[in-house]
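# Report on the structure
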Amino acid sequence: MVNMSKATLPTLALPYPLILLPSGRITIPVKRSIGETLSTLVQESETQPIIVAVPLTSPESSLYQWGTAAHIVRLIKPPARNPKQPYLLSLNGFTRVRILDTNPDLPTVDSGIVDRRIEYPPTESPPSAESVVKFKAAALKLLDQLAKDTTQQAKRDTYNKVAAMIEEISYVRAAWMADVMVSSTNGEYSDKLEFLSAADPDDRLRRATTLFVKQSSISEVSKRIAQSVDESLSKQQKEFFLRQQQAAIERELKNLRRTSSPLGPPGNMPKDESSGNSSESELDNEEAEAEDMADIKSKIEAMAKDSEERKMAVREWRRLKRIPQGSVEHGVIRNYLEWLTAIPWTGSSTTTPSTAVETLRDRAFLRNAKQQLDSDHFGLEKVKKRLTEYLSVVRLKALQMEQEAKEEQRSQQLQLTIIPKKSAKAGEAHTLVPSLRQPSRKTVKGPILLFVGPPGTGKTSLGQSIAKALGRPFQRISLGGVRDEAEIRGHRRTYVASGPGMIVQALRKAGRPDPVILLDEIDKVGQSNHHGDPAAALLEVLDPEQNHTFNDHYINVPIDLSQVLFICTSNTLETISGPLLDRCEIIQLSGYTYNEKMHIAKNFLLPKQLHANGLATEQLTVAEPALLHIATHYTREAGVRSLDRAIGAVVRFKAVEWAEHLDADNESGVSIKEYKDVVDEDELEGILGIARWDGEESDREERRGVVYGLVVTGMGEGGILPVETIAVPGTGKLMLTGSLGEVIKESGELALSWVKTHAYDLCITAARYQDPLKTPNGMDIHLHLPSGAVKKDGPSAGIAMTCAFVSLLTGACVPCDIAMTGEITLRGRVGPVGGIKEKVLGAHRANITKVILPWANRKDVEHDVPVEVQAVMQFSFVRTVEEALESAFGKGALGWRSKDMLMESRL
């Protein structure tokens, strides 16, 4: 290097105890202010900028007098979404420098970048041969020792390559090699500071040699200590083993004394036994430990012969017997065996048999199952029909399998009675007895049912009812927020504190191979991330063709899930992956009508709340008008959860009155406050407050440019949504607001284009092909959908937007008790849409009397909408926009020009 006397460079203090040596590289986080200063320095410099990295002498002291001039290799800015993160600075040192400023006010870690006067060392001369030889000897000894101590082949190869470089390095490059090795070794901080101040090559090699000798000595001493510790551990293990043998001998002697007690003096043995039991703690009971091990062994012996689980259990049991009891591996293997033997394996003799044959033999099985479903749920006829079909198949299949098993057993017995007669002389009759095997067991594959519907419609409780009807154990697994694949498949045994997944845990709790497992909130499973994809892990669980060999990572033995009845619940289908959805049988659960809610409230919710709040049935009665008022004015939902909470509030209010009535009666003997055991409609405002939905009902009135459409919310609930339009001065533009998606925006533009095309026919313009937004005066149309914080999208608002535009431009109004839904085309056709049942029920809850629907959706109304709703609502099915306008505004309300004058191109 050229002898550069002095210079002024930016100085950066390194955090204690970091140090950067020449030829070394370091990456450190820096504060935002320092990062911005360095960023400016990098932008202003045409080449790699140079700064001085100076270490601290102690955590709270000033800078060291020597530092390292380094190139800024990389400067990474924090992401915009998290500006509090620090910058990342990478430096590559290339030479030593000495700081000339001797101010006590030297920069610290928090002082940022400060320009300081520095001095470069003079040009280096080649070191002496003696220094180089000693350096090479010390470095080679250290590298050889490191290569012997490491267990990784890659590190060993690296040490050997560095040793080969040191043997062939020239004298001129020896000082550079010393910088490289000292920067890479784990030395003390003070030694590295002294090495940094060695500007002379001979001095640098001497200090590097001293440091390497010190490291070699420390490594040798550490190795000797580790060997002595291993020897002491082996002695402790031997001592533990001998103590275990001694305890076993003492137990055998105690058993011998107990058996010989009748021959000895009376009273001696009971005294010893009582004294021994009193001194023995329940936590240190070795007999219980032996019983647990015996229980595990008996469960292994009960497993089916030649099965995978038995082979694995036998192999692990033999390993367990070879490992000392105090070893960590002993606890790991025992924990695995406890899990393996706790799973209800299909062929095990200890496993509780499948659905009780006696229950399925009963002729009243299906009748009892229907009664169970009806007692737990009201309505849901389609769901109950599908479940009844499954239960019927289970019963018939079980009876068929029982008959086949009897025939197979009869044929085996017949063979045993024929074959020994031919070979009785050879003494083979005894060898044929074991050939009487258990008949093969065929099971009914459980369907994968997916209940989809709004919250509070009884999806989870349906699973419990199915389990009761089948007489099977019920287990619920909540999948909401599960983001780790290992929670489904389990952790591999190589990890610390590993364990099986939730499926295996549910099987263990159930104790049978055929439980009803409810996978709750399957639509809220986490997406694919660095922990795996939980939804993909469920593909094997929910596939009837694959789940008979389900593989849990912890158990690592195929588990048969084909007998399990899996029931999934979801609020929506949009967030469920396609392959997972393809494996499920979807059953839609829509919202309840007012009649169904009244029945549920009287027969289910009110008795439950009375029991929960300590009131008897005769102590409180809620009138039917009051229940209807709660359902219509205080709750408006697809399910009954809010209705349950409102009824609970009424019952608690009356419970307070009853308690006060009893207290006053007990103290004075005369009741001061009279208790009324009936809740009427006029009392609800004093109990529940002001009705929540009164305001919306009063605001719904006929207005120009306002039409009510039908929507389905993200939770699957139906409802109405006003489409509001106004005209403002402008140049003929359309403005759409309300958090609208691309599809619904296109529907608005499509509706306005249709209205412009037929403006002359609707008597909006005086001549054909005139733009109604520009003649006679220019104006813009602003269309808004309320609830701006809620995202809205879909094509089903086409009819409502068209009617809103026609109402705004013609002045005609659509009655406020009419709602509509349907997609439109440029030709004026009305296409079908989805969610008809939810939308109709939502309109029914909002007291809508007439609904305009596409003609293609009439079959959905006939099959899905309850009969009582069809009886009180009027349905108008339309094929074209003209029919929709006539149905919405009324016949003759719009002044159509004669259609004979309209010539439509057929090209």
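- Under an unreviewed UniProt entry, the name given to the chain is Lon protease homolog, and the source organism is Hermanssonia centrifuga.
- One UniProt comment on the chain, placed under Catalytic activity (unreviewed entry), says "Hydrolysis of proteins in presence of ATP."

### Things to note about the environment of Ile-488
- Mapped onto the secondary structure, Ile-488 falls in helix H15 (residues 486–489).
- Measuring from C-alpha to C-alpha, the distance between Ile-488 and Asp-533 comes to 9.9 Å, with 45 residues separating the pair along the chain.
- Those residues in contact with Ile-488 that sit more than four places away from it in its chain are Leu-479, Gly-501, Met-502, Ile-503, Pro-534, Ala-537, Leu-538, Val-541, Phe-550 and Asp-552.

### A closer look at the environment of Pro-59
- Structurally, Pro-59 can be placed in the loop between strand E3 (50–54) and strand E4 (66–76).
- A sequence separation of 42 residues divides Pro-59 from Pro-17, and the C-alpha atoms of the two residues are 7.5 Å apart.

### Section: a negative patch on the surface
- Together, Glu-742, Glu-746, Glu-749 and Asp-793 make up a negatively charged patch on the protein surface.
- With respect to the helices and strands, Glu-746 occurs in helix H24 (residues 742–757).
- For Glu-746, a relative accessible area of 51% translates into the label exposed.

### Considerations on the sheet that holds strand E16 (residues 706–712)
- Here seven strands make up an open sheet; going across it, the order is E18-E19-E17-E16-E20-E23-E24 and the pairing mixed. The open sheet has two edge strands, strand E18 (734–737) and strand E24 (874–878), and neither has a second partner. Strand-to-strand twist of the sheet, defined as the mean angle between neighbouring strand axes without regard to direction, takes the value 30°.
- Both E16 and strand E17 (residues 718–729) contribute to a ladder of seven bridges, which runs antiparallel. The residue of E17 that forms the bridge with Leu-710 is Ile-720.

### Describing the state of the cysteines
- Under the defined criterion, the tally for this structure stands at zero disulfides.
- In this model Cys-568 remains outside any disulfide bridge; the closest cysteine sulfur is found in Cys-584, 4.6 Å from its own.

Basis of the calculations
- Residues numbered from 1 in each chain as written.
- Predicted model: local features only at pLDDT ≥ 70, side-chain atom pairs only at ≥ 80, totals over all residues.
- Heavy atoms only, no water.
- UniProt positions renumbered as here; feature names shortened; annotations may be inferred.
- Helix = DSSP H or I, 4+ residues; strand = E, 2+ residues; numbered from the N terminus.
- Contact = heavy atoms within 4.5 Å.
- Patch = residues over 30% accessible without salt bridge, like charges linked within 9 Å, V, L, I, M, F, W, Y side chains within 5 Å.
- Areas by Shrake-Rupley, 256 points an atom, 1.4 Å probe, with all protein chains shown as cover.
- Salt bridge = Lys/Arg side-chain N within 4 Å of Asp/Glu carboxyl O.
- Lys, Arg positive; Asp, Glu negative; His and termini not counted.
- Charge placed at Lys NZ, Arg CZ, Asp CG, Glu CD.
- Buried < 20%, exposed > 50% of the residue type's maximum accessible area, 1.4 Å probe, protein only.
- Pairing = 2+ DSSP bridges.
- Axes fitted to C-alpha atoms, helices over the stretch in contact; angles between N-to-C directions.
- Disulfide = S-S within 2.5 Å.

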